[in-house]
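Working through the structure, step by step
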Amino acid sequence: MLIAHISDFHVFANAAETTVVRADAADAARKVIADIAAFTPKIEAIMFTGDLTDGGSSEDYALLADILAPIDVPMFVVPGNHDKRAGLRAMFKDKLPFEPGPFLNYEARFKDIRILALDTLLDGQVQGALSPTQLSWLEGRLAAPSSELTLILMHHPAFPSTMVPLDHMALQDGRDAFERMVVAHQGPIRILSGHIHRPFQTLWNGIFCAVSGGPAFQHALTLDPAEPEPTTVNEPYAYFIHRISDEKNVSIHTRYVEL
Ligand SMILES: [Fe+2]
């Protein structure tokens, strides 16, 4: 089974909200979607880990819907800090089982994989958070042992990238409680995130985690902790293709797309 993991398209209909977003972000997004749609063997589902739009206006989501139109497979999304919950909920309300209430958490299944989508959006802030309400929701879903593979989708990584200027904007409030819950769960978990705008993978507490890059802009590799600010770089873009075997082993491949 092939699953695409994409993130951070930041498409905008009128003016970009984020200064570093490329002017042709919509065209770049269309190229990524075209690549996924044409890939063989067929990619059977897509995990989109946030920042679908740059400003979250109704015009932005209408543009996004047009960009995603070539896709005919299930898509599972979570909001990023540049999305707006109302617009994202309206766009996917017939496709995703959002929980009632303010947050866009949901539990879904694709074939024999369980998907837990976590809304880490903290209004007006670049960093993310999980409130006690959301942590309680997650705890209820991880309490029972399970042999099925659980994919947790969350825009803000709960695990360090080790790029200090970028980790300042990751998950903050609720991070320790989240870590305790996923470590205590008896069953296989993989965590998929975005937000960092640079692809990387890490083994964290024995859990495999992947951050997909964003075509809208990319951050430079910054492993010097003295580096104060993230900088952008013009490097080749790639999204991830997760190949999941019948035994639930996961191989993660980088798929480069000329933007
Ligand atoms: Fe982003």
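Structural notes, computed from the coordinates. (Residues numbered from 1 in each chain as written. Predicted model: local features only at pLDDT ≥ 70, side-chain atom pairs only at ≥ 80, totals over all residues.)

What follows covers the overall build of the chain. Counting its regular elements, the chain contains six helices and 11 strands. Over its C-alpha trace the chain gives a radius of gyration of 17 Å, about what one expects of a compact globule, namely 18 Å for 259 residues. Principal-axis analysis of the C-alpha atoms gives the chain an extent of 45 × 45 × 35 Å. Out of the 259 residues belonging to the chain, those deemed buried represent 43%. For the chain, long-range pairs separated by at least 24 residues make up 70% of all intrachain contacts whose partners lie at least 6 apart in sequence. (Helix = DSSP H or I, 4+ residues; strand = E, 2+ residues; numbered from the N terminus. Rg over C-alpha atoms; globule rule 2.2 N^0.38 Å. Buried ≥ 20, exposed ≤ 12 C-beta atoms within 10 Å, placed from the backbone. Contact = placed C-beta atoms within 7 Å.)

Turning next to unusual backbone geometry. Along the chain, T40 connects to P41 via a cis peptide bond; the corresponding omega equals -5 degrees. Turning to its location among the elements, P41 is positioned in the loop between α1 (25–38) and β2 (45–48). Residue D51 is not a glycine yet carries a positive backbone phi of 55 degrees. For D51, the location among the structural elements is in the loop between β2 and α2 (58–68). With phi around 75 degrees, H195 is a residue other than glycine that occupies positive phi space. On the secondary structure map, H195 appears in the loop between β7 (189–193) and β8 (200–204).

This paragraph deals with the packing of α1 against α2. In contact at an axis separation of 9 Å, α1 and α2 are set at 30 degrees when each is read in the N-to-C sense. As summarised for this structure, α1 and α2 are arranged roughly parallel, according to the angle between their axes. The element α1 and its partner α2 pack so that their crossing is right-handed. Here A26, A29, R30 and I33 of α1 lie close against α2, whose contacting residues are L63, I67 and L68. (Axes fitted to C-alpha atoms, helices over the stretch in contact; angles between N-to-C directions. Parallel < 35°, antiparallel > 145°, perpendicular 65-115°, else oblique. Left-handed = near helix turned anticlockwise from the far one by under 90°.)

Taken by themselves, the reported measurements are silent on function.
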